[in-house]
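Understanding the architecture of this molecule
Spelled out, the chains give:
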Amino acid sequence: MMNEYKRANDTLHPTHSAVERAVRGEDSKRKGRPLKALVPAGVAAVAAVALLITGIPGTDGETGGGPLTGSAYAIALPEYPDLPKHPAEPLGGSDAEWEQFNADLDVYLDAWEAYQDETVSLRDTPELTAALADYTGTSAALALAGEGNRVYSPVSLWFALAMLSETTDGETQQQILDALGASDVNQLREWADILWHTLYLDDGTAATLLGISIWLSEKLDFHQDTLERLAEYYYAGSFRVPMGTGEADRAITEWVSEQTKGLIGSDGKVLTTRAETLAVLASTLYFQARWSDEFDPSLTAEDVFTAADGSETTVDFMHMTQTTGFLRQNGYQAASLGTTGGTMTFVLPDEGVTPAELLANPDFLTELTDSDSKIYGEVQWSVPKFDVSSDLDLIPALTGMGITDVLYRGTADFTPLVDLTPVWLEEARQIARVKVDEEGVEAAAVTLLAADAEEAIVEDPAICVMDLDRPFLFVIRDGDAVLFVGVVEQV
Amino acid sequence: MTDERKARAQVERWGDMVWRLALARTRHIQDSEDVFQEVFARFFRHEEELDSDEHRKAWLIRCTLNCTNTLLSARWRTHLPLEEAVTKAMEPADRTVYEAVLSLPKKYRTAIHLHYYEGYSVEEIAALTGAKTGTVKSWLSRGRDRLSQALKGDK
C-alpha cells in the first residue's frame, strides 16, 4: 500500500508558477507589510459633536455683513497636511514596476515620518497619555449611561471641549481644563497638536480624519483673534450662517456629511438652530479601515442575536479563528482584531453582567490594554455584521465631569468669543455611527494566515469562544488614544 | 533578502517536499501554490537561524503544517474533490492508493504522509505536530485501517 503511495508522490512536483513566485520572493519586492487590495469596507466609524452656544443679542450686537452666498459661509478654513497616499502594489507586474513601487513607498514612508516628527509623539508624552486615559474612562462611563445601542467618541468630544476652553474664560474655562487634565490653555494647545499628529491618517488604505469647526451667527461680531487661534491650534474652520434658518441647519449638516463621507447627515439634518443660537462648535471623527485579517465571506452565516430585552433577531455572523492573545477577567472576556488604522477590541460580558456595569469601572478601558494578563491561544470569532448609530445628549456627561458653569446663563463666561452677555452652552450632542463587515472576496483570496511559523501546533490551545450573540462592547483605539467606545444591545 | 540564484537552489532542494506535503494537506493545486510561496517567503526570512539540513527540513514541515492549518478552516474548501491535474502523471494503481490516502481525515493523512513518505518516526511526528506520541500512533493505525477498508472495496 505504502509503496504505491510513495511512487504516487514521487511524480508530484511544484508547478512552474509556484516555483517562480517562491524564488522571486514577495519579500524581496515589498519592504512594507503586505497590502491587500484597496477596497473600502471593514470598519467605518464616525462621530459628530455639536455644541450649541446660545445668547440673547442685545442692542450692542452689530448686524454682520450682507448675506453670504452658498460656499462663502467660510471665514477661515484650516490647511490639512498634504501627504502622499500609500502606493499600490503592482501585483504580477514587471521588475521595473516593482522598483517604482519601492521608490514610491520610500517617498511615502519618509513623508509620513517627517509629518509625525513635527511634534512629540503621544507615546512620549506620558502626561497627556495619563490625562487622556482618565478623561476617557470618566467620560465614557457617563456618556454611555443609558440603554440601547450607543457609541461615544472620547477623542471627538475632547477636541470640542478644547475648542470650548479657548472661547471661555475664568472659572468656566478652568472647569474644562480640569476635566481634560490640562494645567493651562497653552498645555492644551500643545496637546491638541500632538493628538492631531498622532491620529491624522489618510493614505488610501485607512483614514482617521478629525473635522473641527465653529459656526457663528451672522448677527454678531466675534473676536477675530479667538477665531484665528482656533484655526491655528485646532485646525478649526470658522463659518458665519443665519442661525435659526433651514439654510444654517443645512450648511452645518452638509459640513458634517462631508467630513464623515456621508455616514452622518446624508438623510436629514443633524441639528436645528434657533435665532438665539450664537455659535455651534462641531467636531467630527471619521475612521475607516480594513481588517488586518479579513473575514472570509464564505464563512458568514445567519444566526440568532439575543438583545438586552430578550428579543431575538436573525443576522449575519462573520466567522474567523485566530491564534492570538485574549483576556479573561472578572465579568468579561475580551479579544482584539487589528485593522489598518487601529485596533478594535470586543468585550463580551459574562452572562448576567451588563455592559453598563463594566463601564461603571473607570479603569475598565485601561484594563483592556493590559498585555500581562493576556492568555495566548485560539480565539474563535463569531461577530455579527452591524451598523449601529446613536445620538447622545452629552450635557449629563459634562455635568458629571464638573463642567457646569458653561451651562448656565448666570455663570457662563464667553468673553474671549464675544462681548455679548448672557451667553451659555445650551446643547451638547454627539451623533455617531459604526459599521462593521467582512472584507471583499478578492482580498480574502489573497490573504493567507496569521500563524507564525515558529509556533508548534498546540494540541490543546487555550480556547476563547468570542460568540457575540448577546449585548457586547467594542473599543476602537489608535495606540493610546481611544477613538470610539460602543455598546451594542441589538443588531 | 535573498539572491535569486541562491533562492532557486533552496527551492529546488526543498520544493518537492513542501509541495507534496502541501498537496496532501490541501488537496488543491492553487492552495498549494499559495502555501508554497508563503512557506518559502518565511523560510528566506529565517534562513540564517537554521543551521543544518535536518533543522531546515523540520522547520519547513512545521511551517507548511501551520500554513495549511488556517486555510483548511474555510468550510467550502474541505469538500473539494482531488483535482485530476494532480494525479495525471501517476500509474493507475498508485493513483488509487494516493486518492484513498488523501480522502482520509486530515490528521490521519498527515501522519501517514510524514511517516511513510518522509520517513519520520512517531516521536518526530509528535514533535512536528505538537501532538502526543500516543495520539500519533492512533492516527497512524486508524489511518491504515481506514485505508485498507477503502482499498478492499477496489481490489
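Residues numbered from 1 in each chain as written. Chains lettered and ligands numbered in written order. Predicted model: local features only at pLDDT ≥ 70, side-chain atom pairs only at ≥ 80, totals over all residues.

Structural notes on the overall build of chain A
Counting its secondary structure elements, chain A contains 14 helices and 17 strands. Here chain A, with 491 residues, has 46% of them falling under the buried criterion. (Helix = DSSP H or I, 4+ residues; strand = E, 2+ residues; numbered from the N terminus. Buried ≥ 20, exposed ≤ 12 C-beta atoms within 10 Å, placed from the backbone.)

Section: the pairing of strand β11 (residues 343-349) of chain A
Residues and elements named next belong to chain A. Judged by how many residues are buried, β11 sits mostly within the fold: six of seven residues are covered. Pairing of strand β10 (residues 332-338) with β11 involves seven bridges; the strand directions are antiparallel. Looking at β11, one finds that S336 is bridged to T345. Relative to strand β16 (residues 472-478), β11 is paired through five bridges, and the arrangement is antiparallel. If you follow T345 over to β16, its bridge partner there is V475. (Pairing = 2+ DSSP bridges.)

Some remarks on the environment of B:K57
Within the secondary structure, B:K57 sits in helix α3 (residues 53-71). Placed 43 residues apart in sequence, B:K57 and B:W14 show a C-alpha to C-alpha distance of 7.6 Å.

Observations regarding the pairing of strand β6 (residues 236-241) of chain A
Residue and element names in this part refer to chain A. Counted residue by residue, β6 has six buried out of six residues, so it is predominantly covered. Bridge count for strand β2 (residues 74-76) against β6 is two bridges, and the pairing is antiparallel. The residue of β6 that forms the bridge with A76 is S238. Here six bridges tie strand β5 (residues 207-217) to β6, and the two strands are oriented parallel to one another. Each residue of the ladder has a partner; that of S217, found in β6, is V241.

Comments concerning the confidence of the model for chain A
Residue and element names in this part refer to chain A. With 88% of its residues at a pLDDT of 70 or more, chain A has an overall mean of 81. No element of chain A has a lower mean pLDDT than helix α14 (residues 441-446), at 21, and none a higher one than helix α7 (residues 170-180), at 96. Under a pLDDT of 50 for its full length, residues 27-40 has, in the predicted model, 29 contacts with residues more than four places off or in other chains. Here residues 440-460 scores under 50 on pLDDT; set against residues more than four positions off or in separate chains, the count is 46 contacts. (pLDDT = per-residue confidence, 0-100. Contact = placed C-beta atoms within 7 Å.)

A few points about the packing of helix α1 (residues 4-26) of chain B against helix α6 (residues 106-117) of chain B
All names here are of chain B. Contact pair α1 / α6: the axes reach a minimum separation of 9 Å and the direction vectors enclose 155°. Between α1 and α6, the angle falls in the class roughly antiparallel. α6 is crossed by α1, and the crossing has right-handed handedness. Taking contact as the criterion, the partners of R20, L21, A24 and R25 in α1 are, on α6, K106, R109, T110, H113 and Y117. (Axes fitted to C-alpha atoms, helices over the stretch in contact; angles between N-to-C directions. Parallel < 35°, antiparallel > 145°, perpendicular 65-115°, else oblique. Left-handed = near helix turned anticlockwise from the far one by under 90°.)

Comments concerning α7(A)
Each α-helix winds once per 3.6 residues, and so residues spaced three or four apart point in a common direction. All names here are of chain A. The set of residues buried in α7 consists of T172, Q173, Q175, I176, A179 and L180. Across the axial projection of α7, the buried residues extend over an arc of 155°, all falling on one side. Taken together, the buried residues of α7 touch α5 (126-143), α6 (154-166) and α8 (185-199). Remark: G181 follows α7 within two positions and exhibits a positive phi of approximately 80°. (Arc of directions from axis to C-beta.)

Remarks on the nonpolar core
All names here are of chain A. Ranked by internal contacts, the top residues of the largest apolar core, which has 141 residues, are M163 and F346. If you tally residues by element for this core, the top one is strand β1 (residues 43-55), at 10 residues. Two domains each put at least three residues into this core: domain 1 (43-86 + 109-290 + 388-435) and domain 2 (297-384 + 446-488). Beyond its immediate stretch of four places on either side in the chain, M163 contacts I212, I214, L230, Y234, A236 and L281. (Core = buried A, V, L, I, M, F, W, Y, C linked by C-beta atoms within 7 Å. Domains from an automatic or database assignment.)

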